[in-house]
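# Structural characterization, general
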Amino acid sequence: MSAPEVHAPGSAGPGAHLPAAAGHGVRAVLADLFPPPAESAPRTGLVRWTLLLAQVVAVPLGALVMLARIGGRAAWKSVWAEDPGIYLPGALAHPWHLLQSYGGYLQLLPRLIGQLAALVPVRDASIVFAVSGALVASACALFAYHASAGQVSSRWLRVLISLSVLLLPVAQLEIADNGVNSIWYLLAALFWAALWRPRTRTGAGTAAVAAFAAAASSSLGFLYAPLFAARAVVVPRRLREHAATAGWALGCLLQVLVIAASHLSRLKQHHAVDAVLYYGHEVLLPALGWHLSWQLRDAVGVTAATLLMGGVIVAVLAWAVATQPGQCRVFVITAVATGLLFTVVTSVLAWGGPAQRVTVRAEHGARYSTVPILLLDAALIVAADAYARRWWPRPRAIAAVAVLVVVLAAGWATDFRYPVRRFARPSSAWTTTADTWLRHCRSEPAGTVTVTFTDWWGTGPAKLTTTFRCSSLRR
């Protein structure tokens, strides 16, 4: 029998290193969230400039795709929600006052788009809103392609990440081709900015700008604090590595200052079960196709359709967590958890509840499903990439990728273009409103125009008015 170990008071015992080991284990797990992208092969000057040109062309091309997705009245002939009711009148009344709050927080990018719309002839303002919103979506799609390089090794699967942003099935319902809801594309891009470790200063600068724009345009940017905190712990402390963190922190600082100056409470009374219902009915069910979800609703009912579609998605992701390497596992858990967090917060703050009427052409609050759906798509694509890396070129790896492409493409194809109720309303035709303003100002050149908008935040609907001079209108 060996002699028992004796430790002097204050000396290290057998379990003294356990906390340190546990700490290293946590760091190792977190490090899997922030993998550096693989080094790219050296490129000649011609190849480098060709790739740069392709990316420059990709953004306007993607914007054209976004504009083509609206059926019925063209997106550039219509306006939506706060664009004509808050942001354009505000820019006409107070030019370049971009740090004004609305709904209790700062929306920097929609304010900026509204200011740009105020600089063109008023009848063309709808073009600025639609084209700007489409360009933001396209730019965020391209950003996601680059920023997902550490998580998705295949360039072709990263194209799917990009396409998932451009071809989001529920985009037409609220967020496509307008200024006010461009923030939801930024919030999706912010997730990738939090994880990306760019190799170049240009990439770091782009990540910083994207993170700042997202955080300064929506108070939901605060929800990414755990990701940026984890990044600060495990990523080397070099300026380039934390450019996105700096941009996010600066945007959050502006948000805090604006929120502190606002006295509007946005809390509503909802039950906790609402978050579960919303995630099931409005995230899981339409995640792979909006019209597909309605076909399932009609066939088996909304509850059974949700269980069927949600069961398939959950089963695939659970399989990925159980069988794939640590990097894939950590990403899938993080993406799903972030989507759930968004659902909980938005269902408490803004969703109308389960009694809210939803049709195939209209869903108030569809914007709140944007980030959770895109993160589910990203989790599925990352899982497919991990499986393909492990088993390629075996038939089962090829089959897994092929199934993913077919499933996503089916939803994207059936939802590529369809009419929505928000652009069918007479009030959404911008020329009607613009001509009314112009007629009034022709009869009273020194007069003013007062715009009334119904604000639904806070304790209930309230009428907000903005007055601007006729002289501020561009003819």
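Just so it is clear, the model here is predicted, and its values are computed rather than measured. Starting from 1, residues in each chain are numbered consecutively following that chain's sequence as written. Under the rules for a predicted model, residues below a pLDDT of 70 receive no local features and side-chain atom pairs below 80 are neither given nor counted, while totals for whole chains, interfaces and linings still include all residues. For side-chain calculations, the full set of non-hydrogen atoms in the structure is used, while hydrogens and water are omitted.

Below, the discussion takes up the packing of helix 13 (residues 290-300) against helix 14 (residues 302-323). To get an axis, fit a line to the C-alpha atoms, keeping to the stretch in contact for a helix; angles then go from 0 to 180 degrees between the N-to-C directions. What counts as a helix is a DSSP run of H or I of at least four residues, what counts as a strand is a run of E of at least two, and both are numbered from the N terminus. Across the interface, helix 13 lies against helix 14 with an axial gap of 7 Å and an inter-helix angle of 125°. The angle between helix 13 and helix 14 falls in the class oblique. When you trace helix 13 past helix 14, the crossing you get is right-handed. Of the residues in helix 14, those touching helix 13 at L292, L296, R297 and V300 are V302, A304, A305, L308 and M309. Roughly parallel refers to an angle under 35 degrees, roughly antiparallel to one over 145, roughly perpendicular to one between 65 and 115, and oblique to any angle outside these ranges. Two helices that cross are described as forming a left-handed crossing if the nearer one is turned anticlockwise from the farther one by less than a right angle, and a right-handed crossing if clockwise. Note on contacts: a residue pair is in contact if any heavy atoms of the two residues lie within 4.5 Å.

A few words now on the pattern of salt bridges. Salt bridge, as applied in this entry: a Lys or Arg side-chain nitrogen positioned within 4 Å of an Asp or Glu carboxyl oxygen. The tally for this structure, following the rule as stated, stands at four salt bridges. A salt bridge links R123 to D435; its shortest N-O distance comes to 2.7 Å. Here R123, found in the loop between helix 4 (108-118) and helix 5 (125-147), pairs with D435, found in helix 18 (residues 430-443); they are 312 residues apart in sequence, far enough to count as distant. The closest approach of N and O atoms between E174 and R367, which form a salt bridge, is 2.7 Å. In this pair, E174 sits in helix 7 (residues 171-174) while R367 sits in the loop between strand 5 (362-363) and helix 16 (370-391), placing the two residues 193 residues apart along the sequence. Here E174 matches R367 in class, with each residue buried. A 1.4 Å probe rolled over the protein chains alone gives each residue an accessible area, and that area as a share of the maximum for its type sets the label: buried under 20%, exposed over 50%, partly exposed in between.

This part takes up the packing of helix 4 against helix 5. Contact pair helix 4 / helix 5: the axes reach a minimum separation of 8 Å and the direction vectors enclose 140°. Judged on the interaxial angle alone, helix 5 and helix 4 are oblique. You can see that helix 4 and helix 5 cross each other, and the crossing is right-handed. Contacts between helix 4 and helix 5 involve L109, I113, G114, L116 and A117 from the former and A125, V128, F129, S132 and V136 from the latter.

A word on helix 16. Here the expected length of a helix is defined as 1.5 Å per residue gap, with one fewer gap than residues. Helix length check: helix 16 (22 residues) gives 32 Å between terminal C-alpha atoms against 32 Å at 1.5 Å per residue, within 8%. Helix 16 sits mainly inside the fold: 19 of its 22 residues count as buried.

Grouped together as the largest cluster of nonpolar side chains are 134 residues, with contacts concentrated most on L88, F143, Y185, F191, W192, Y224 and W437. A per-element tally of this core places helix 16 first, with 14 residues. Residue contacts for F191: discarding those within four places in its chain leaves Y224, L227, F331, T334, A335, T338 and L375. Buried Ala, Val, Leu, Ile, Met, Phe, Trp, Tyr and Cys residues that are joined via side-chain atoms within 4.5 Å together make up what is termed a nonpolar core.

Another point: empty space enclosed by the protein. Method remark: on a 1 Å grid restricted to protein atoms, a set of points is classed as a cavity if a 1.4 Å probe fits but cannot get out and as a pocket if it is open with protein on both sides within 12 Å along at least five of seven lines; lining residues have an atom within 4 Å of a point. Grid points are joined across faces, edges and corners, and a volume is the space filled by probe spheres set on the points. Here the structure, examined in full by the defined rule, presents three cavities of 30 Å³ or more. Within this model, the largest cavity holds a volume of roughly 80 Å³. Taken together, C140, A144, I161, S164, V165, A188, A189, W192, L374, L375 and A378 form the lining of the largest cavity. Looking at the lining of the largest cavity, the elements that each hand over two or more residues are helix 5, helix 6 (155-166), helix 8 (183-195) and helix 16. Residue polarity is assigned by list, with Asp, Glu, Lys and Arg as charged and Ala, Val, Leu, Ile, Met, Phe, Trp, Tyr, Cys and Pro as nonpolar; anything else, Gly included, falls into the polar class. Split by residue class, the lining of the largest cavity holds 10 nonpolar, one polar and no charged. Within the residue set of the lining of the second largest cavity, elements represented by two or more residues are helix 3 (82-93) and helix 4. Looking at the lining of the second largest cavity element by element, the count peaks at three residues for helix 3. Partitioned by chemical class, the residues of the lining of the second largest cavity number four nonpolar, five polar and one charged.

In this section: the environment of P325. Among the structural elements, P325 can be located in the loop between helix 14 and helix 15 (326-349). Residue P325 is classed as partly exposed on the basis of its relative accessible area, which comes to 42%. Remark: the alpha-carbon pair of P325 and Y387, spanning 62 residues in sequence, is separated by 8.9 Å.

To continue, consider the packing of aromatic side chains. Two rings from Phe, Tyr or Trp (for Trp, the six-membered ring) form a pair when their centres sit within 6.5 Å of each other. Planes less than 30 degrees apart are called stacked, planes more than 60 degrees apart edge-to-face, and all others tilted. Evaluation of the coordinates by the stated rule reveals 12 aromatic pairs. Geometrically, the ring pair formed by F191 and F331 is edge-to-face, given 5.8 Å between the ring centres and 70° between the ring planes. Taken together, the residues F191 in helix 8 and F331 in helix 15 connect sequence positions 140 residues apart. In textbook terms, an aromatic cluster arises when at least three aromatic residues are bridged by ring pairs, as seen for F191, W192 and F331. Over the aromatic face of W294 sits the side chain of R297, whose NZ or CZ is 4.4 Å from the ring centroid. Note on geometry: a ring has a charge over it if NZ (lysine) or CZ (arginine) is within 6 Å of the ring centre and within 35 degrees of the ring normal. Positioned above the aromatic ring of W391 is the side chain of R396, whose terminal nitrogen or guanidinium carbon lies 3.7 Å from the ring centre.

Now for a nonpolar patch on the surface. Each patch is built from residues that are more than 30% exposed by relative accessible area and take part in no salt bridge. Like charges join if they lie within 9 Å; nonpolar side chains (Val, Leu, Ile, Met, Phe, Trp, Tyr) join within 5 Å. In this description, accessible areas are obtained by the Shrake-Rupley approach with a 1.4 Å probe, and a residue is regarded as covered only by the protein chains that are shown. There is a patch of nonpolar side chains on the surface, built from W49, L52, L53, V56, V57, L61 and L64 and spanning about 750 Å² of accessible area. Secondary-structure assignment places L61 in helix 2 (residues 45-68).

So, on to the state of the cysteines. Pairs of cysteine sulfur atoms within 2.5 Å are what we label disulfides. Under the defined criterion, the tally for this structure stands at one disulfide. Between the sulfur atoms of C441 and its disulfide partner C470 the distance amounts to 2.2 Å. Every disulfide takes its handedness from the sign of the S-S torsion; for C441 and C470 that torsion is -75°, giving left-handed. Note that C441 is positioned in helix 18 and C470 in the segment after strand 8 (462-469), a separation of 29 residues in sequence.

The score called pLDDT rates the predictor's confidence residue by residue, from a low of 0 to a high of 100. Mean pLDDT over the chain stands at 86; residues scoring 70 or higher make up 87%. Per-residue pLDDT stays below 50 along residues 1-18; that stretch engages in three contacts with residues further than four places along the chain or on separate chains.

Tracing the backbone through its elements, the reader meets S369 in the loop between strand 5 and helix 16. Note on S369: relative accessible area 0%, which makes it buried. Of the polar contacts made by the side chain of S369, one reaches the backbone oxygen of A366; its length is 2.7 Å. Setting aside its immediate chain neighbours within four residues, S369 contacts V170, Y278, E282 and V283. The term polar contact refers here to a pair of N or O atoms within 3.5 Å; inside protein, the definition further demands a hydrogen-donor-capable atom paired with an acceptor-capable atom, and it admits residues adjacent in sequence only when both atoms are side-chain atoms.

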